[in-house]
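Okay, here's what each chain looks like letter by letter:
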Amino acid sequence: MASLLRLRLRFCRRAFPIAFSASLIALAISAQSASSAHGLPVLVELFTSEGCSSCPPADALLARLDSTQFVQGAQAIVLSEHVTYWDHLGWRDPYSLEAMTQRQEHYVRAFGESTAYTPEIVVDGAVGFVGSDASSLKRAIANAIHTAKSELFIEQAQWVGNKVQFIVRSAAAPGEHLTAFLAEDSVESPVNRGENAGHILRHVAVVRALQQINGNFLDDRPVEIAVPHGLATGKKATLHLVVIRADSNSGRVSGVAQLKLNAPGSGAESAAALPAPH
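The rules behind the values
Residues numbered from 1 in each chain as written. Predicted model: local features only at pLDDT ≥ 70, side-chain atom pairs only at ≥ 80, totals over all residues. Heavy atoms only, no water. Pairing = 2+ DSSP bridges. Helix = DSSP H or I, 4+ residues; strand = E, 2+ residues; numbered from the N terminus. Buried < 20%, exposed > 50% of the residue type's maximum accessible area, 1.4 Å probe, protein only. Lys, Arg positive; Asp, Glu negative; His and termini not counted. Salt bridge = Lys/Arg side-chain N within 4 Å of Asp/Glu carboxyl O. Contact = heavy atoms within 4.5 Å. Expected span 1.5 Å × (residues − 1). pLDDT = per-residue confidence, 0-100. Core = buried A, V, L, I, M, F, W, Y, C linked by side-chain atoms within 4.5 Å. Phe/Tyr/Trp six-rings, centres within 6.5 Å; stacked < 30°, edge-to-face > 60°. Lys NZ or Arg CZ within 6 Å of the ring centre and 35° of its normal. Polar contact = N/O pair within 3.5 Å; in protein donor to acceptor, adjacent residues only side chain to side chain.

## Examining the pairing of strand β5 (residues 152–160)
- The sheet contact formed by β5 and strand β6 (residues 163–169) spans six bridges and is antiparallel. Looking across to β6, one finds that Trp-159 is bridged to Val-164.
- Counting the residues that bridge the hairpin from β5 to β6 gives two residues, and of these Gly-161 lies at a positive phi of roughly 60°.

## With respect to the pairing of strand β11 (residues 253–261)
- The buried count for β11 comes to eight of nine residues, which makes it a mostly enclosed element.
- Sheet analysis places strand β10 (residues 239–247) next to β11, joined by eight bridges and oriented antiparallel. Bridged to Val-243 within β11 is Ala-257.
- As consecutive antiparallel partners, β10 and β11 are separated by five residues, and within that stretch Gly-251 has a phi angle of approximately 85°, a positive value.

## Re the side chain of Glu-50
- Note that Glu-50 resides in the loop between β1 (40–48) and α2 (55–68).
- No salt bridge is formed by the buried Glu-50. Its closest oppositely charged neighbour is Arg-92, at 9.0 Å.
- The contact partners of Glu-50, leaving out residues within four places of it in the chain, are His-82, Trp-91, Asp-93, Pro-94, Tyr-95, Ser-189, Val-191, Asn-196, Leu-201 and His-203.

## Side note on α2
- Taking 1.5 Å per residue as the helical rise, α2 with its 14 residues ought to reach 20 Å, and the 20 Å between its terminal C-alpha atoms agrees with that figure.
- Residues of α2 that are buried include every one of Cys-55, Pro-57, Ala-58, Asp-59, Leu-61, Leu-62 and Leu-65, and no others.
- The secondary structure elements touched by the buried residues of α2 are β1, β2 (74–82), α4 (134–144) and β8 (200–213).
- Directly after α2, the chain includes Gln-69, whose backbone phi takes a positive value near 50°.

## Concerning the confidence of the model for the protein
- Taken as a whole, the protein shows an average pLDDT of 82; of its residues, 77% reach a score of 70 or greater.
- This stretch, residues 1–10, has a pLDDT under 50; its non-local contacts, to residues over four places away or in other chains, come to 12 contacts.
- Per-residue pLDDT stays below 50 along residues 13–36; that stretch engages in 88 contacts with residues further than four places along the chain or on separate chains.

## Some remarks on the nonpolar core
- Ranked by size, the top nonpolar core spans 22 residues in total, and within it Phe-166, Leu-182, Leu-241, Val-243 and Leu-261 carry the most contacts.
- Listing elements by their share of this core, those giving two or more residues are β5, β6, β7 (176–190), β8, β9 (223–226), β10 and β11.
- Tallying contributions element by element places β5 first for this core, with four residues.
- Discounting chain neighbours no more than four positions away, the residues touching Val-243 are Leu-152, Ile-154, Phe-166, Val-168, Leu-178, Thr-179, Ala-180, Ile-213, Gly-255, Val-256 and Ala-257.

## Some details on the packing of aromatic side chains
- In this structure the tally under the stated criterion is two aromatic pairs.
- With a centroid separation of 6.0 Å and an interplanar angle of 70°, the aromatic rings of Phe-47 and Tyr-107 are classed as edge-to-face. Of this pair, Phe-47 sits in strand β1 while Tyr-107 sits in helix α3 (residues 98–111), placing them 60 residues apart in sequence.
- Ring plane angle 15° and centroid distance 5.5 Å describe the contact between Tyr-107 and Phe-111, whose orientation is recorded as stacked. Taken together, the residues Tyr-107 and Phe-111, both in helix α3 and four residues apart, mark about one turn of the helix.
- For Phe-111, a relative accessible area of 25% translates into the label partly exposed.
- Each residue in the set Phe-47, Tyr-107 and Phe-111 is aromatic and connected to the rest through ring pairs, giving one cluster.
- A cation sits over an aromatic face here: Lys-138 above Phe-70, 5.6 Å from the ring centre.

## Quick look at α3
- Between its terminal C-alpha atoms α3 stretches 20 Å, which fits the 20 Å expected from 14 residues at 1.5 Å a residue.
- If you follow the buried residues of α3, they end up packed against β1, β2, β3 (120–123), β7, β8 and β10.
- Positive phi appears at Gly-112, one or two residues downstream of α3, with a value of about 70°.

## Comments concerning the side chain of Ser-254
- With respect to the helices and strands, the residue Ser-254 is situated in strand β11.
- Within the structure, the side chain of Ser-254 is placed 3.0 Å from the side chain of Glu-176, a separation counted as a polar contact.
- Setting aside chain neighbours within four positions, we find Ser-254 in contact with Lys-149, Ser-150, Glu-176, Arg-245 and Ala-246.

Here's what the structure looks like:
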């Protein structure tokens, strides 16, 4: 275990320095599509931790990608996925989830890596690299848009108590699975201990919960994701859903869609990610 931690620490330091209320019941659409207006949707996952001193530059790069969409022809759908293996090294990341650590470990095996490390960016489940490497990020996204995506729709989304309920539609495909993520649009936290002590860290699209979607994609059974307790007790937050379709073994993403969750009275519609026109 100690040797694994040393590997993780070494990888991190080698990286480049640089209310809402549970009564909400309506949603507004924020569709991602492969139209010429938006580009082909590409999933960009950042594995990060507030306990890692090399992570803030990667967090900033992900935020810049989210806000400027700087790769022509692509619509980057970003997720900040905070891992747990830094939590006992001086600062417990308030956004860390064991499910994110497990997700990264799946990529470690799929990519043949020796160990997990932070910061790491994974693009479309196909390639991973140091999360603050802007050149690799641009190149990976530019390569990803040459692979068409499958149709994927999020429909009939609504609040049911402290849960988000929705239906996902996509063509059934053997060997693939769906995963839904509930992400908080923007967060910040003052860090009092650990490698980032004294800094206020900011993150975008922070995963707060996820749900594996099993069974037939087209049977109209609703999917539910429970809102984390800290968000369901009056804290103001803006959230969105991201649903991905991926190969069960390799993790390669074949479809991705997102939908923004808004305040009551906005209406409830669907979001879709469509394949690129040929």
